[in-house]
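The residues making up each chain are set out below.
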Amino acid sequence: MSTHVQHAPRDQHAVPSVMLPSTLEEAVAALAAVPAAVPVAGGTDLMADVNAGQLRPAALVGLGRISEIRGWEYQDGHAVLGAGLTHARMGRPDFAALIPALAAAARTAGPPQIRNAGTLGGNVVSAAPTGDTLPVLAALDATLSIAGPAGARRELPVSHLLAGVDMLRPGEVVGYVRLPLLHAPQTFLKATGRTGPSRALASVAVVLDPVRRGVRCAVGAVAPMPLRPLEAERWIASLIDWDGDRGLAPEALSAFGEYVAMACIPDPAPEDGEGTPSALPPAALHLRRTVATLARRGLGKALA
């Protein structure tokens, strides 16, 4: 194995050893050799925790030299995206022609230095609620291709990982993200808060699926994982003239926005278990209005 290792000095403030594999198989072998090691791609989230003293891994397995996961290809009506794709690369016009909503999300993922370093796989594995690509992946029902020990490969829905239903196992590395190519309008919109430049207060991805006559919508940043308002999706899809111009009246777009917002930020249950629901605090009401606006505009843009 051609993995390079940089040894750290042995003191309490030691920098962890760094292993630099050049293939997925070498990365898996490195993790097997040092079970306490942590894989790192762009490091925009992980290294911030390391530098802040919140995380002290015994070793790091850098994935930046694995060229096979830095591109994409087509397979059976799907795009297979390498987990090492950077946000900057996904934001380019050729990628935007492939998956417009994912490209739009990638373009909003912080300042240039973050977009140049941050990767698609890192965004998924970090699973930060404000991860910009996550609502798009949720709306597209993306699947992860995971490499494991002894040449094992398995598929895992992104939604299962984000919800904690199924997690990465020891020695596993995310290699690819598989998405359907719908060849249909897609949008991604987000509102930013005061917690930092470009960090989402709320985000919404809307994807049309003309073949199945469906609308897919996912809301990010308002919960620990992206939320799919499935009833709102089915309701609005039933109103669209899929054989015509696909237009909707402004009232229908507004109602869709409200439906999505209520589903994702519902009224609290009555304190006594019956009667009128308790009122939402002002911050939650503002967030609900923000989600409604994003959903309305996102769908309107997709249908335009």
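Residues numbered from 1 in each chain as written. Predicted model: local features only at pLDDT ≥ 70, side-chain atom pairs only at ≥ 80, totals over all residues. Heavy atoms only, no water.

### Points about the nonpolar core
Step number 1: If you look at the biggest cluster of nonpolar residues, it comprises 70 residues, and the most contacted ones within it are Leu81, Ile99, Leu137 and Leu299.
Step number 2: When residues of this core are assigned to their parent elements, the largest contribution, nine residues, is made by helix H12 (residues 282–303).
Step number 3: Ignoring anything within four residues of it in the chain, the contact list for Ile99 reads Ala79, Leu81, Leu140, Leu179, Leu181 and Gln186.
Step number 4: Counting 14 residues, the second-largest nonpolar core is a separate cluster that includes Ala27, Val28, Leu63 and Ile66. (Core = buried A, V, L, I, M, F, W, Y, C linked by side-chain atoms within 4.5 Å. Buried < 20%, exposed > 50% of the residue type's maximum accessible area, 1.4 Å probe, protein only. Helix = DSSP H or I, 4+ residues; strand = E, 2+ residues; numbered from the N terminus. Contact = heavy atoms within 4.5 Å.)

### Overview of the sheet that holds strand E10 (residues 186–192)
Step number 1: With antiparallel pairing, three strands are arranged side by side in an open sheet as E10-E11-E12. Of all the strands in the sheet, just E10 and strand E12 (214–220) have a single pairing partner and so form its edges. Along the sheet, successive strands turn relative to each other by an average axial angle of 10°, direction set aside.
Step number 2: The sheet contact formed by strand E11 (residues 200–209) and E12 spans seven bridges and is antiparallel. Residue pairing across strands places Ser203 opposite Gly220, the latter belonging to E12.
Step number 3: Where H12 meets the sheet, it contacts E10, E11 and E12, and its direction lies at approximately 30° from that of E11. (Pairing = 2+ DSSP bridges. Axes fitted to C-alpha atoms, helices over the stretch in contact; angles between N-to-C directions.)

### A few points about helix H10 (residues 230–239)
Step number 1: When H10 is considered as a whole, its buried residues turn out to be Ala232, Glu233, Ile236 and Ala237. Looking straight down H10, one finds that the buried residues subtend no more than 130° of arc, so they occupy a single side. Facing away from the buried side of H10 by over 90 degrees, the exposed positions are Glu231, Arg234 and Ser238.
Step number 2: The inward-facing, buried residues of H10 abut E12, helix H11 (250–264) and H12. (Arc of directions from axis to C-beta.)

### Structural notes on the confidence of the model for the chain
Step number 1: Looking at the chain, pLDDT values average 89 and 87% of them are 70 or higher.
Step number 2: Across residues 5–12, confidence stays below pLDDT 50; counting only partners more than four residues off in sequence or on other chains, it has 12 contacts. (pLDDT = per-residue confidence, 0-100.)

### Things to note about the pairing of strand E8 (residues 153–157)
Step number 1: Here E8 shows a clear split, with Arg154 and Leu156 buried on one side and none of Arg153, Glu155 and Pro157 buried on the other.
Step number 2: One ladder, built from five bridges, connects strand E7 (residues 143–147) with E8; its direction is antiparallel. For Ala147, the partnering residue across the bridge sits in E8 and is Arg153.
Step number 3: With antiparallel pairing between neighbouring strands as the criterion, E7 and E8 make up a hairpin whose turn holds five residues, including Ala150 at a positive phi of roughly 60°.

### Quick notes on a nonpolar patch on the surface
Step number 1: Residues Trp235, Leu239 and Tyr259 make up a contiguous nonpolar surface patch of roughly 250 Å² in combined accessible area.
Step number 2: Mapped onto the secondary structure, Tyr259 falls in helix H11. (Patch = residues over 30% accessible without salt bridge, like charges linked within 9 Å, V, L, I, M, F, W, Y side chains within 5 Å. Areas by Shrake-Rupley, 256 points an atom, 1.4 Å probe, with all protein chains shown as cover. Salt bridge = Lys/Arg side-chain N within 4 Å of Asp/Glu carboxyl O.)

### What to know about the sheet that holds E8
Step number 1: The strand order across the open sheet built from five strands is E5-E6-E9-E7-E8, with neighbouring strands paired in antiparallel fashion. With one partner strand each, in any of the chains shown, strand E5 (72–75) and E8 form the two edges of the open sheet. Averaged over all pairs of adjacent strands, the angle between their axes in this sheet comes to 25°, without regard to strand direction.
Step number 2: Examined bridge by bridge, E5 and strand E6 (residues 78–82) share four bridges and lie antiparallel to one another.

### Description of the environment of Val211
Step number 1: Residue position: Val211 is located in the loop between E11 and E12.
Step number 2: Note: C-alpha distance between Val211 and Ala184 (27 residues apart in sequence) is 9.3 Å.

### Notes on the packing of aromatic side chains
Step number 1: Applying the stated criterion to the full structure yields two aromatic pairs.
Step number 2: Geometrically, the ring pair formed by Trp72 and Phe95 is edge-to-face, given 5.1 Å between the ring centres and 80° between the ring planes. Of the two residues, Trp72 is situated in strand E5 and Phe95 in helix H4 (residues 93–96); the sequence distance between them amounts to 23 residues.
Step number 3: When its relative accessible area of 25% is taken as the criterion, Trp72 is described as partly exposed.
Step number 4: Classification of Phe95 as buried rests on a relative accessible area of 0%.
Step number 5: Ring centres 5.8 Å apart and planes at 55° place the aromatic pair Trp235 and Tyr259 in the tilted group. One end of the pair, Trp235, is in helix H10; the other, Tyr259, is in helix H11, and 24 residues separate them in sequence. (Phe/Tyr/Trp six-rings, centres within 6.5 Å; stacked < 30°, edge-to-face > 60°.)

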